[in-house]
Amino acid sequence: MEDGGPAVRRRSRPACARKRSRDRAQPCGPCSPPAHKRSSPRAEEEPVPASPEYNNDSEEDLFGDYSSFSGNDSLLAQVDNMEQECLQSIDLLSYTKNMEDKATVEPAFGDLQLQNVRSKELIFSATGNITGFKTEESHFWRTASEQENRTLEHGDCILDDLPSSQLLYFEEMNNSSVDSRKPSGRKENANNMNFCRDKMLNQSSCHHNAEHSKRNNELSPSTTCNLSKRKSLKDHLKNTMTENAKAHIPKVSRTKQLKEAVLSEEICVAKKAIETSSVDIGPFYGLPSKVKDLLVQFRGIEKLYEWQHTCLTLESLQQRKNLIYSLPTSGGKTLIAEILILQELLCRQKDVLMVLPYVAIVQEKVWALSSFGIELGFLVEEYAGSKGRFPPIKRRIKKSLYIATIEKGHNLVNSLIETGRIGDLGLVVVDELHMLGAGSRGAILEMILAKILYTSKTTQIIGMSATLNNVGDLQQFLQAEYYANNFRPVELKEYVKIQDSIYEVDNKAENGLTFSRLLNFKYSSNLQRMDPDHLIALVTEVIPNYSCLVFCPTKKNCENVAEMICKYLNKEYRNHRENEKQDLIKDLKNIGKGSLCPVLKRTIPFGIAYHHSGLISDERKRIEEAYSAGVLCLLTCTSTLAAGVNLPARRVILRAPYIATEFLKKNQYKQMIGRAGRAGIDSAGESILIVQEKDKHLVQDLVNSPLENCYSNLLLEVTKGIQSLLLSLVGLKIARNSEEIYHFMCGTLYGVQQQFLSKEKSLSDVTREALGCLIEKGLLKEKMTSEKEQKSQSNLEITQLGQATYKGSIDLAYCDALYRDLKKGLEGLVLESCLHLLYLTTPYDMTSHCSPDWMIYFRQFSQLNSVEQKVAAIVGVPESFIMKKASGQAIKKRPTYGTFQKNLTCLEDMCKIS
């Protein structure tokens, strides 16, 4: 099996060969009894299994009145004709011969089935699941090597249990390897019919001796005279075929079963070795030797780095303690996590959750690990975007690897806690652990880890990052050990370009920069004006022989830079892998249903494309594949590509030290330049940060500064942080009163850092204040208690609105407004126009981007039809209000219904649509 996916090999006899066989089998005259021959004993011992297409649980006749596969000259029709002719011969002989002659007729009838087999000139042999068949005209043999490669098609039950993400991998790999030799549907059906027919004839041969003996003992003169009234051979064959169609067949070959048995034995040995915590932990770090072979096959990894061996043999891992480890980008951190994941899935038989920051990284990791899942017998399930089931399917045999974004991972953990299955989660791996300090997403990540630590004492947590500073706080929060190393397989040189000079980054220098060289690029005055930063010259030093990434502050800047570079490139760049570029353009057009972005249409012929969230996932995936294959040599991209997507480059250029309008942080800078010089691809790597003179002092501070500390965002993100956490604690029944909630909060990262983050208020005060807000909003309520319980702490209970809020992952800042809007929509939803539905589905967090020019807004509003203007008035933005705003009049009272800014955002979108 190649490419990590199985392929089905089936051969059908050519139509011409089948026709010749049928023609030769038709009787031309009276049938004479053939010489008796013994059938193959191997065929008698192990009959060929029936095809799964003919499995049927019904008791009715599968063939009805039509007893032919392909027409009147079918096998059953020939058998029927031969039987009638033999019966006529028997009747004739019964009148002309005495009893001694009759003894020769009876074995002739007994050999009737064998005679048909001989007329078809088929020789059957079967050993286990290895089957061969041969015809006189065409010698087609199914060999043992072919049978070893036989696997199941998508409709077989072994694939029914695969999640959609892993099934997609299976289908794509199967299509890529089988398309060139895939038989037509007609040939597949013919082959299935031949296979079923072969099975029937084999079983008839297997029981031939017993039936022959029985007939010799029971056949009498009276039965000889009434042979025409007995059950015909044709009906007997039909019944046999029906039984064979119902028969259970083995799903895999015997060879594959032996391989799986060896793998299972190695897993058992590795499991025992891990449980005993001995130094000798198995063939490959507690895993079967097949894992090592798969790493060579799928990743090209033949040997681990020394630091990886040291990390995997840490005593803390042997004792199943939590671990945080940190290395520079491209140091090989992910491989450690994958080996630990396989140990948990195969040896300890527990489910695993892997949390990644972005959807693109989740999809890449699902694709990378699906091949291991198919080979080693575990499931890979994607939880990103619209994918993911809550709670996940509970499986008895196969274990699951959940690969999720931060938000989906939080919902998954909540569902496991709610259903009492959090103990099934044996391991949680968090990539980019420094994301704990990244705003609301960091707060959600902190909730995930805090809930797991509090509810499951058997779940191990592994965190990894290339940019960690205050590791002590994280160790205390996760109760984890720490391992760090500065290993990087490919040397990375950092440069900063200021005007016409390039400076090398040197941490030992006083200001972090040492003078390197002057730029001697000869630019024309026009080009100097269009490209003052010498970006084209820096790019053409690398492409097309090597790859290059250009990070830009915004999505629009990505597109502009790509077009600008192509405008001044030599036309010779178009000749580099021209045919493959045209194929890429065709694929992108097919993805876009015939349309393609004009920018990509102009830039791809030069080997350049942009990469940002404006592309749909299929477009991004296709562009990434083309870049990895070398068809595209340069990508202009935003900062999201820096976080884990495996798109390395020889040179990385930072167009400006900004992400949108915010100045670059040290950990963001390290993530971006870490894309340069990836192991196994480049022998060297270099990064160039382009800086304007006004930002020179900021860049010097950036170069000299340490990595940023990672602080909790639970308090900073109030509605998405601490209030959301407390609401889910009560809803999931993790905590029932303020005392238990305070105990939980002590175990969070905020509880560890509380003295730094909130000196004015204690942790109990912050908790009590947040609970009061939730009760005031109607999301929580105090539960009625009996007289005995009044002396103790009063319990809390979640309301229906609160339950809908935390289960729907709604921001608590907007939950009451959303509820009012939906309730108002139930009173009278206007369906004459899409405006009302557009209003209800507009996200509230988009309202901050709405700042209309009121004159333009009024002009666009006037172009709406009467129904749409009526809807606008219903949702709270009447025409009179817009007229006053356009004329500059003061508004004393704003509309009371709905969220005012949301109404404006909705109408602005509607005007654009119109």
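Being a predicted model, the structure only gives us computed values, none of them experimental. (Residues numbered from 1 in each chain as written. Predicted model: local features only at pLDDT ≥ 70, side-chain atom pairs only at ≥ 80, totals over all residues. Heavy atoms only, no water.)

1. Let's talk about the overall build of the protein
Quick note on the threshold: Only runs of H or I of at least four residues qualify as helices and only runs of E of at least two qualify as strands under DSSP, and these elements are numbered from the N terminus. Here the term buried applies to any residue with accessible area under 20% of the maximum for its type, exposed to any over 50%, and partly exposed to those in between, with areas from a 1.4 Å probe on protein chains only. Note on contacts: a residue pair is in contact if any heavy atoms of the two residues lie within 4.5 Å. For the accessible areas, the method is Shrake-Rupley and the probe is 1.4 Å, while residue cover comes only from the protein chains on display.
If you tally the helices and strands in the protein, you get 41 helices and 21 strands. Sorting the 914 residues of the protein into buried and exposed places 48% on the buried side. A separation of at least 24 residues holds for 74% of the contacts in the protein among residues at least 6 apart in sequence. Carbon and sulfur atoms provide 50% of the accessible area of the protein, an area that totals close to 45,300 Å².

2. Looking at helix 35 (residues 800–807)
Here is the rule: As used here, the arc belongs to the directions running from the helix axis to the C-beta atoms.
Burial in helix 35 covers these residues: Gly802, Thr805 and Tyr806. Each buried residue of helix 35 lies within a common arc of 85° when the element is viewed along its axis, so the set occupies one face.

3. Examining the environment of Arg620
Turning to its location among the elements, Arg620 is positioned in helix 27 (residues 617–628). For Arg620 and Ala360, which are 260 residues apart along the polypeptide, the C-alpha to C-alpha distance reads 8.5 Å. Beyond its immediate sequence surroundings of up to four residues, Arg620 is in contact with His611, His612, Ser613 and Leu615.

4. A few points about the sheet that holds strand 8 (residues 460–465)
Formally: Should DSSP find at least two bridges between two strands, the strands are taken to pair. All axes here are fitted lines through C-alpha atoms, helices being fitted over the stretch that makes contact, and every angle between N-to-C directions spans 0 to 180 degrees.
Read across the sheet, seven strands follow the order 5-6-4-7-8-3-9 without closing on themselves; strand pairing throughout is parallel. Of all strands in the sheet, those with a lone pairing partner are strand 5 (379–383) and strand 9 (480–484), marking the two edges. On average, adjacent strands in this sheet sit at an angle of 15° to one another, irrespective of strand direction. Of the pairings in the sheet, the one linking strand 3 (residues 322–326) to strand 9 comprises five bridges and is parallel in character. Its bridge partner being in strand 9, Ser326 is matched across the sheet by Ala484. This element, helix 21 (residues 471–478), spans strand 3, strand 8 and strand 9 of the sheet and lies at about 145° to strand 9.

5. Structural notes on the pairing of strand 11 (residues 501–505)
Across the five residues that make up strand 11, a large majority, four, are buried. Where strand 10 (residues 492–498) meets strand 11, four bridges bridge the pair, whose relative direction is antiparallel. Along strand 11, the bridge assignment pairs Ile498 with Ser501. Here strand 10 folds back onto strand 11 in antiparallel fashion, the turn holding two residues, of which Gln499 has a positive phi close to 55°. Pairing analysis gives five bridges linking strand 11 to strand 12 (residues 513–518), with the strands arranged antiparallel. Note that in strand 12 the partner of Ser501 across the bridge is Leu518.

6. With respect to the pattern of salt bridges
Applied cut-off: Salt bridge criterion: a side-chain nitrogen from Lys or Arg within 4 Å of a carboxyl oxygen from Asp or Glu.
Counted by the stated rule, this structure contains 21 salt bridges. Between Lys365 and Glu338 there is a salt bridge, and its shortest N-O distance comes to 3.1 Å. Here Lys365, found in helix 18 (residues 359–376), pairs with Glu338, found in helix 17 (residues 333–347); they are 27 residues apart in sequence, far enough to count as distant. A relative accessible area of 14% means that Lys365 is categorised as buried.

7. Digging into the sheet that holds strand 14 (residues 608–611)
If you walk across this open sheet you meet the eight strands as 12-11-10-19-16-13-15-14, and the pairing is mixed. Edge positions in the sheet fall to strand 12 and strand 14, since each of these pairs with one other strand and no more. The average undirected angle you get between the axes of adjacent strands in this sheet is 25°. Sheet topology note: the strand 13 (residues 548–551)/strand 15 (residues 634–637) ladder contains four bridges and is parallel. Looking at the pairing, Phe551 lines up with Cys637 of strand 15. Across the sheet, helix 27 touches strand 13, strand 14 and strand 15, and the angle it forms with strand 14 is around 135°. Strands in contact with helix 29 (residues 696–704) are strand 10, strand 11, strand 12 and strand 19 (685–691); relative to strand 19, the strand with the most contacts, it is inclined by about 145°.

8. Concerning the packing of aromatic side chains
Put simply, the rule is: Stacked, tilted and edge-to-face are the three classes applied to pairs of Phe, Tyr and Trp rings, where Trp contributes its six-membered ring and a pair requires centres within 6.5 Å; stacked means planes under 30 degrees apart, edge-to-face means over 60, and tilted covers the rest. Should the NZ of a Lys or the CZ of an Arg lie within 6 Å of a ring centre and within 35 degrees of the ring normal, that charge is described as sitting over the ring.
Evaluated as defined, the whole model comprises 12 aromatic pairs. A ring pair is formed by Tyr503 and Phe515, whose centres lie 5.8 Å apart and whose planes are at 75°; its orientation type is edge-to-face. On the criterion of sequence distance, the pair formed by Tyr503 in strand 11 and Phe515 in strand 12 is long-range, its members being 12 residues apart. Note on Trp854 and Phe881: the rings are 6.2 Å apart at their centroids and 85° apart in plane angle, and the pair reads as edge-to-face. In this pair, Trp854 sits in helix 38 (residues 854–862) while Phe881 sits in helix 40 (residues 879–887), placing the two residues 27 residues apart along the sequence. By the ring-pair criterion, three or more aromatic residues cluster together here, those being Trp307, Tyr325 and Tyr483. Seen from the ring of Trp367, Lys621 lies directly overhead, with NZ or CZ sitting 4.8 Å from the centre. Note that Arg650 overlies the ring of Tyr546, its terminal NZ or CZ placed 3.9 Å from the centroid.

9. Comments concerning the pairing of strand 15
Heads up, the condition is: A clockwise path from the first strand over the helix to the second, with the strands pointing away from the viewer, defines a right-handed crossover.
Across the two faces of strand 15 the burial is the same, with Leu634 and Thr636 and Leu635 and Cys637 all buried. Two strands pair when backbone bridges link them, and strand 14 and strand 15 are joined in this way by four bridges, in the parallel orientation. Bridged to His611 within strand 15 is Cys637. Chirality of the crossover, the property in question, places the unit of strand 14, helix 27 and strand 15 among those that are right-handed.

10. Things to note about helix 27
How we decide: Expected helix span is computed as 1.5 Å times (number of residues minus one).
Here helix 27 spans 16 Å end to end across 12 residues, near enough to the 16 Å set by a 1.5 Å rise per residue. By the burial criterion, the buried members of helix 27 are Glu619, Arg620, Ile623, Glu624, Ala626 and Tyr627. Along the long axis of helix 27, the arc covered by the buried residues comes to 160°, so they all point the same way. On its buried face, helix 27 is in contact with strand 13, helix 25 (578–591), helix 26 (598–603), strand 14 and strand 15.

11. Notes on a nonpolar patch on the surface
Short version of the rule: Each patch is built from residues lacking any salt bridge and having more than 30% relative accessible area; the joining distance is 9 Å for like charges and 5 Å for nonpolar side chains (Val, Leu, Ile, Met, Phe, Trp, Tyr).
Taken together, Tyr711, Phe756 and Leu757 make up a surface patch of nonpolar side chains, about 280 Å² in accessible area. Looking at the secondary structure, you find Tyr711 in the loop between helix 29 and helix 30 (722–731).

12. Concerning unusual backbone geometry
With an omega of -15°, the peptide bond between Phe390 and Pro391 qualifies as cis. Mapped onto the elements, Pro391 comes out in the loop between strand 5 and strand 6 (400–404). Backbone torsion omega between Ile543 and Pro544 reads 0°, so that peptide bond is classified as cis. Summarising the element assignment, Pro544 is placed in the loop between helix 23 (535–540) and strand 13. Of note, the phi angle at Glu432 is positive, near 55°, even though the residue is not glycine. Position of Glu432 relative to the elements: it lies in the loop between strand 7 (425–431) and helix 20 (439–455). By relative accessible area, which is 7% here, Glu432 ends up buried. In this model, Ser809 sits at a positive phi of 55°, which is unusual for a non-glycine residue. Of note, Ser809 is situated in the loop between helix 35 and helix 36 (815–827).

13. With respect to the packing of helix 30 against helix 35
Between two packed helices, the angle of one axis relative to the other and the distance separating the axes together describe the packing. Put simply, the rule is: By the definition adopted for this analysis, an angle is roughly parallel if under 35 degrees, roughly antiparallel if over 145, roughly perpendicular if from 65 to 115, and oblique otherwise. When the near helix sits turned anticlockwise from the far one by under a right angle, the crossing is termed left-handed; a clockwise turn instead gives a right-handed crossing. We call Asp, Glu, Lys and Arg charged. Ala, Val, Leu, Ile, Met, Phe, Trp, Tyr, Cys and Pro are nonpolar, and the rest, Gly among them, are polar.
Helix 35 packs onto helix 30 with a crossing angle of 115° between their chain directions and a minimal axis gap of 10 Å. In terms of orientation, helix 30 and helix 35 fall into the roughly perpendicular class. Classified by chirality, the crossing of helix 35 by helix 30 is left-handed. Here helix 30 contributes Leu727, Ser728 and Gly731 to the contact with helix 35, which in turn contributes Gly802, Thr805 and Tyr806. Residue composition of the contact of helix 30 with helix 35, by class: two nonpolar, four polar and no charged.

14. Comments concerning the packing of helix 21 against helix 32 (residues 749–757)
At a minimum axis separation of 8 Å, helix 21 and helix 32 run at an interaxial angle of 140°. Between helix 21 and helix 32, the angle falls in the class oblique. Between helix 21 and helix 32, the residues in contact are Asp473, Leu474, Gln476 and Phe477 and Leu749, Val752 and Gln753, respectively. Here the contact of helix 21 with helix 32 is built from residues that sort into four nonpolar, two polar and one charged.

15. Description of the confidence of the model for the protein
Stated precisely, the cut-off is as follows: Every residue gets a pLDDT, meaning the predictor's confidence in that residue, from 0 to 100.
Scored by pLDDT, the protein has a mean of 75; 68% of the residues are at 70 or more. The low-confidence segment residues 99–158 (pLDDT under 50) makes 142 contacts with residues lying over four places distant or belonging to another chain. Low pLDDT, under 50, characterises residues 180–230; the stretch is placed with 85 contacts to residues that sit more than four places away or in other chains.

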